[in-house]
Every structure is written in structure tokens, then in C-alpha cells.
Amino acid sequence: MTATLDVTPVERWSVPFHRLYRAELRWIFRRPRTLIVLGLLALIPVIIGIGLTIAANNEGPGQGGGGGGDSLLPAAAGNALVLPLATLGVTLNLMLPLITAMSAGDALAGESSVGTLRGLLLAPVSRGRLLLMKALGVATFTLAAAVLIAVVAMLTGLVINGTGSLFTLSGNTLSFVDALGRVALAAVWVTLQLWAVGAIALAISACTEHPMLVVVSVLAGTVVSTVLLLLSAVDWLHPFLLPRSWTAIADILRDPIPADQLSEGAIRAVCYIVIGLSLAYAKLSTKDG
Amino acid sequence: MTETLSVGALAGAPTAGPALAARTRGLRKVYRTAVAVDQVDLDVPQGAVMGMLGPNGSGKTTTIRMLLGLVRPTEGEVELLGHRMPEGAPRALPEVGALVEGPGFHPFLSGRENLRRVASAEPRLASAGIPRAVENALERVGLGHAAHRRYRGYSLGMKQRLGLASALLVPRRMVVLDEPTNGLDPAGTREIRNIIADLHAEGVTVLVSSHLLAEVEATCTHVAVLHDGTVVAQGELDELLESGTPALIVSTPDGDQALTALRDNRIAGRLTPEGVRADLAAATAPQVIEALVRSGVAVHEAKRARTGLEDLFARLTQRDSETDGLPDVDEGAA
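Conventions we followed
- Residues numbered from 1 in each chain as written.
- Chains lettered and ligands numbered in written order.
- Predicted model: local features only at pLDDT ≥ 70, side-chain atom pairs only at ≥ 80, totals over all residues.
- Helix = DSSP H or I, 4+ residues; strand = E, 2+ residues; numbered from the N terminus.
- Buried ≥ 20, exposed ≤ 12 C-beta atoms within 10 Å, placed from the backbone.
- Contact = placed C-beta atoms within 7 Å.
- Pairing = 2+ DSSP bridges.
- Axes fitted to C-alpha atoms, helices over the stretch in contact; angles between N-to-C directions.
- Nonpolar A, V, L, I, M, F, W, Y, C, P; charged D, E, K, R; others polar.
- Parallel < 35°, antiparallel > 145°, perpendicular 65-115°, else oblique.
- Left-handed = near helix turned anticlockwise from the far one by under 90°.
- Right-handed = clockwise from strand over helix to strand, strands pointing away.

### Brief notes about the overall build of chain A
Part 1 of the argument: In terms of helices and strands, chain A carries ten helices and zero strands.
Part 2 of the argument: Counting helices and strands in the order they occur from the N terminus, chain A gives α-α-α-α-α-α-α-α-α-α.
Part 3 of the argument: With the C-alpha coordinates aligned to their principal axes, the bounding extent of chain A is approximately 75 × 50 × 30 Å.
Part 4 of the argument: Relative to its 289 residues, chain A shows a buried fraction of 45%.
Part 5 of the argument: In chain A, 74% of the contacts between residues at least 6 apart in sequence involve partners at least 24 apart.

This is the structure:
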């Protein structure tokens, strides 16, 4: 009955952060939902790749595909370099923000709804470290999602079209390593955009006990932003809207890469991250546990 | 506000020194317009098993949440193991195990995985010691056989045990249990009592809240009675129980004859289901028994009546509700 005495306690007041981070990753990636979502994400590039190839064979190159208003899709047929970027571009419009919101919703609201957030606070994990651990968890998950899409899309493109099909939109053929570099750049840039979404989603997540509310808010925010970007009457608002630069992902395929839109998008994302995490911290540090 | 019935060494000692594991002064918590807790001065002596007693909505959980730094009080101060809360939480909480507002775990993880996750956040557990600590805690609450099963499939009692296990992962100086026997069968309740008794024997301070009077009476050395958000009585259980009028319960087949005998000797008495209850205000126990035996009443057994906790509780809480009383607040209202 005095079994717990066998474990000698350590004299310290906080856990090494890497242990918290590892436990968080274990929790995220053991979750059936996470694995299902990642599995479905991996299917998207395969489906797009196969679909585009069939369409291209039926209608001739450059005619097939389309959809989502993304100009990259037609070019992705017969080009192993464009497919990863086209897939990232298509999923960035809705799919990736949604799964980011799902992950951020689980991180605080979900934990709060099953009472496990209280357990962490009682351990104790300070609220600052809790937010850091949660933010890094969401960041890792979104990075994994973007990299997964890029890798599967690249493989799909190579399998369908071979390594000889790595052209940029400007018509240059790239070496395999250069092509890999462009895809990596795209994946990182997309991840940065997702972190911006994730930071805002975490702020919402800190305010509620309903993970669904986080997902719905992010969905609404993304859709409304996209619509506002189409209305020139509110063009003064456009620089503040995150999705404004999301179409710039195609620039990565040009020679030389026009950096202005991409870097503007990156700066905008960083601003969103700072604001989102600040709001999340402000809420979390005063929240009743 | 009714006056607080306070007995023992703690009475009126606002600077009780280092002998207290937890202490609150003038604690008040207001949720929007509803007052959940008001003027709570709680003293939990070190090494005591203190039962927090009160009907649903009396502020037990809110007080515990403030004690643990989960909620910031609107007014008043909280000290836990000598640290001001909530600021001192990083110092105080590693040595405090707590089960608050029911167990919280992830349904898709097994009991063991859930505990490991909690354990990884425990500062006082070395990384290498986690698996061992988890197994020990599981064994201690009798969940070893179900540790591999998903939490989703646990019965209410098993969930409660897992919550208790997470409070016992590390040797603690203090353990706080909010309604630990909720959903447990009688055997489970007994086990919890045994665990509390073990903790007490190890010198751990235990704060246990409950609305089950018998449970508190059986396990606690000290008691605090909460009603409508305030402490209406606190102190050592024995002293609180004896603060009523002393009486002797005599079991006898000749109830009416016994009453007559008592009346003849000017001793107040009445018939209760347990037997004849003789008031000891004016006579001693030997005098009562002598009077009865002399009148030919067969005395089978005589024992000192303790004011049951139930009587005490009823007395304390009714008195309050007859007067003003604060509006009822749902515990944990956010």
C-alpha cells in the first residue's frame, strides 16, 4: 500500500521542456483522428495526379483539370514539379486551414472539455509553458501535414511523369535537387501560413470548451476573407487578410522567383502569429482552470 | 451572516504559524453576479484529514479550485504549503496531488497511457521513473488489470480510481480529493477510505470534500462545514461532535418503565429508535444507570451518544437557510 514510496522524487520545480513537448507529440500522433486526417491528406495529391493525367490524356495537355480557381492545376499535368505546389495551393485554400483549426481546437478547447487541461495545470505546468507546448504541438502537426502532401505529391508526379518533367512555369528544366529545393520552399511557406491560422485558432481555442467552435470560426474566417478579397470596394482591408497572398505560391515556380508577394505573405503570417499567440496567452493566463 | 462555530486550538488564531498545510482568509469568489464563496477562512492543519462537508452548491469545489490556484479569488488570500496562491503554484503544486471535479482523461487512450501523459508533466518524477510510478499508482488503486483498456470503456468507479491514481503518482505532502467516492460501489468506497487512512499514516495532509456525511465521519480527523458559500463550522471532528448536549443511549426492552424511572430522578429522557436517550446535562452516566437498575429496568447496553454528524450538519445548515443565505450557485459555474 506504500508502493508510491518506491519512486524517489526529484527535487525540482519544473519538468524539462523537451519532455512536455515529447508527451504532446505522442498525444497528437497517437490520436486516431490525427492519423486518419493525415492518411486522407496523403490521398489528395494521388487523386489530383491521377485525375489530371486522365483528363490530360482525354483533352490534350494544358486543357484538363481546373477547379478551385487555381491556375496551377492545368500545368500540373505532365509536370512532376508543379504537382506538389498545385496540391499545396489547392489544399491551402480550405483543407489545410481546417485541419490546423482541428488540431488547435483539440489542443486547448478539447483538453478543457474532457478536463485534462486542469490536470496539466495541477501538475503544475505553468500557463506560459502550456501555451508554448500546445503551439509547438500544432506547429509540428501542420508541418507534418504540409511535408506529407509535398512528399506524396512529388512521388506521385515522379511516378506518373518521371524525373525528366521538372520544368518551371518559365520553361526551364530543373535538376532534381533544385526541384526538391523549390518544393521544400513551398512546403515551408505553406507551413508558415498555417502557423498563422493556428495561432489565431489557438486564441479562439483558449476561449471555449468546444473544439467544433474553433473549426467553424476558422472556416468562417477563411471563407469570409476569401470573399472580401474579391470585393474591390473593401480593398483597404485586403492587406490585413491572410489569404491575400495564398495564390503567390505559384511564384515559386517562376524564374527567377518573384519574392515580393511571397515575402509579404510571410511577414503577414508572422504578424498573425504574434497577435494570435499574444491573444491566446492573454486569455489562457487569466482563464479559470 | 451567522457566526462561525469554531472549536479547538484553531479557534480565532489568524496567525496559526507553520502548522497549517493550507489556509484561506476572507476568501470570496464572485462569478458575474452570483457569489459562489464568501468570507471563507479555512485552516487545514498539517497531517490532518480534513473533510469539507456541504450540500451541492455550497462552494466546496470553488474553494478547492482557489486553494489549488486554478481560480483567482475575487478577494481574500490563499496559502498552500506556505506559498501564496495562485502565484506560488509552481512551488506548491508539485507536492500536492489533486482530483478536482471528477477525473479528466482522454477516452481514446488507455488508462496507462493517460497516466503516463500526466506523469510526464509531474516535475518531481524523473523521466526514467515514469513507467514505474505509473504502474505503482495503478496497483495502488486496484486498476492494474484494466490499465491496457481504453478509458472510454471504463466504468464510473474505474474512472474515479484512475483520477485518484493520478493524484498519487508522486509521494505528496498534501492530497486534495473532491468527491472521491462519486460513483464507487461500497467496496470501492472502502478502498478509498483505506487509501486515505494510509496517506494519513504516512503523514500526508488530506483534504477531502464530500456531501456524504458517513464517509466524512469515518475517515476524517477534522471537518469544515460549508453552507451557502461560507464556512459555518470547522475544527476537530470529535470536538465538533461533542459540542452538542451529551447523552446516554440505553437499550432496554422496558422503554416506558425506563422513562418513568428517569422522570422520577429528574433526568430528561426520550424514546429513540436506538433506545432510551437520557440527557447527561444534569446527571452522570453511572447515576442514570443506577436509577434505571434500581427501578428494575433491564439494561442491555448503555453507550455515550455522539451528536451524529448528520445532526450537527442539519443544525448548522438549517439555521442558516432560515435566515438570509446567499443565492444558490452551481458549483463550477464559469
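### Here's the deal with the sheet that holds strand β13 (residues 247-251) of chain B
Residues and elements named next belong to chain B.
Part 1 of the argument: In space, the four strands of this open sheet follow the order β14-β15-β13-β16, with antiparallel pairing throughout. Pairing within the sheet leaves two strands with one partner each, and these edge strands are β14 (269-272) and β16 (301-305). For this sheet the average axis-to-axis angle between neighbouring strands, irrespective of direction, equals 25°.
Part 2 of the argument: Along the sheet face, helix α10 (residues 285-294) touches β13, β15 (275-279) and β16 and points at about 30° away from the line of β13.

### Regarding the environment of Val276 of chain B
All names here are of chain B.
Part 1 of the argument: Looking at where Val276 falls in the secondary structure, it is placed in strand β15.
Part 2 of the argument: With 25 residues separating them in the primary sequence, Val276 and Ser251 have C-alpha atoms 6.2 Å apart.
Part 3 of the argument: Among residues more than four places away in sequence, those in contact with Val276 are Val250, Thr252, Gly255, Ala258, Leu259, Gly269 and Leu271.

### What about the interface of chain A and chain B?
Part 1 of the argument: In this assembly, 33 residues from chain A lie in contact with 40 residues from chain B.
Part 2 of the argument: Of all the elements in the fold, those that place two or more residues in the side of chain A that touches chain B are α1 (17-30) and α6 (116-122) of chain A.
Part 3 of the argument: Among the elements that make up the side of chain A that touches chain B, the one with the highest residue count is α6 of chain A (six residues).
Part 4 of the argument: When the residues that make up the side of chain A that touches chain B are grouped by side-chain class, the tally is 19 nonpolar, eight polar and six charged.

### Describing the pairing of strand β8 (residues 96-99) of chain B
All names here are of chain B.
Part 1 of the argument: Covered by surrounding structure in β8 are Val96 and Ala98 together with Gly97 and Leu99, the residues of both alternating faces.
Part 2 of the argument: Bridge analysis of β8 against strand β9 (residues 174-178) gives four bridges, and the strand direction is parallel. Each residue of the ladder has a partner; that of Gly97, found in β9, is Val175.

### As for helix α4 (residues 130-140) of chain B
Residues and elements named next belong to chain B.
Part 1 of the argument: Taken together, the buried positions of α4 are Ile130, Ala133, Val134, Asn136, Ala137, Leu138 and Arg140.
Part 2 of the argument: Packed against the buried residues of α4 are α3 (111-120) and α5 (156-167).
Part 3 of the argument: Looking one or two residues past α4, Gly142 carries a phi angle of roughly 75°, positive in sign.

### Digging into the packing of helix α7 (residues 127-161) of chain A against helix α10 (residues 259-286) of chain A
Residue and element names in this part refer to chain A.
Part 1 of the argument: One way to put it is that α7 packs onto α10 with a least axis distance of 10 Å and a crossing angle of 135°. In terms of orientation, α7 lies oblique with respect to α10. Crossing handedness for the pair α7 and α10: right-handed. For the pair α7 and α10, contact is made by Arg127, Gly128, Leu130, Leu131 and Ala135 and by Leu277, Ala280, Tyr281, Leu284 and Ser285, respectively.
Part 2 of the argument: Along the lines of polarity and charge, the residues of the contact of α7 with α10 split into seven nonpolar, two polar and one charged.

### Notes on α3 of chain B
Part 1 of the argument: Across the ten residues of α3 of chain B, eight count as buried, placing the element largely inside the fold.
Part 2 of the argument: Of all the residues in α3 of chain B, the buried ones are Gly111, Arg112, Asn114, Leu115, Arg117, Val118, Ala119 and Ser120 of chain B.

### Side note on the pairing of β9 of chain B
All names here are of chain B.
Part 1 of the argument: Most of β9 is tucked away, with five of its five residues classed as buried.
Part 2 of the argument: Side-chain alternation along β9 places Met174, Val176 and Asp178 on one buried face and Val175 and Leu177 on a second face that is also buried.
Part 3 of the argument: In this structure, β9 lies alongside strand β10 (residues 205-210), joined through five bridges in parallel fashion. What sits directly across from Val175, in β10, is Val206.
Part 4 of the argument: The β-α-β motif built from β9, the intervening helix α6 (residues 186-201) and the parallel element β10 has right-handed crossover chirality.

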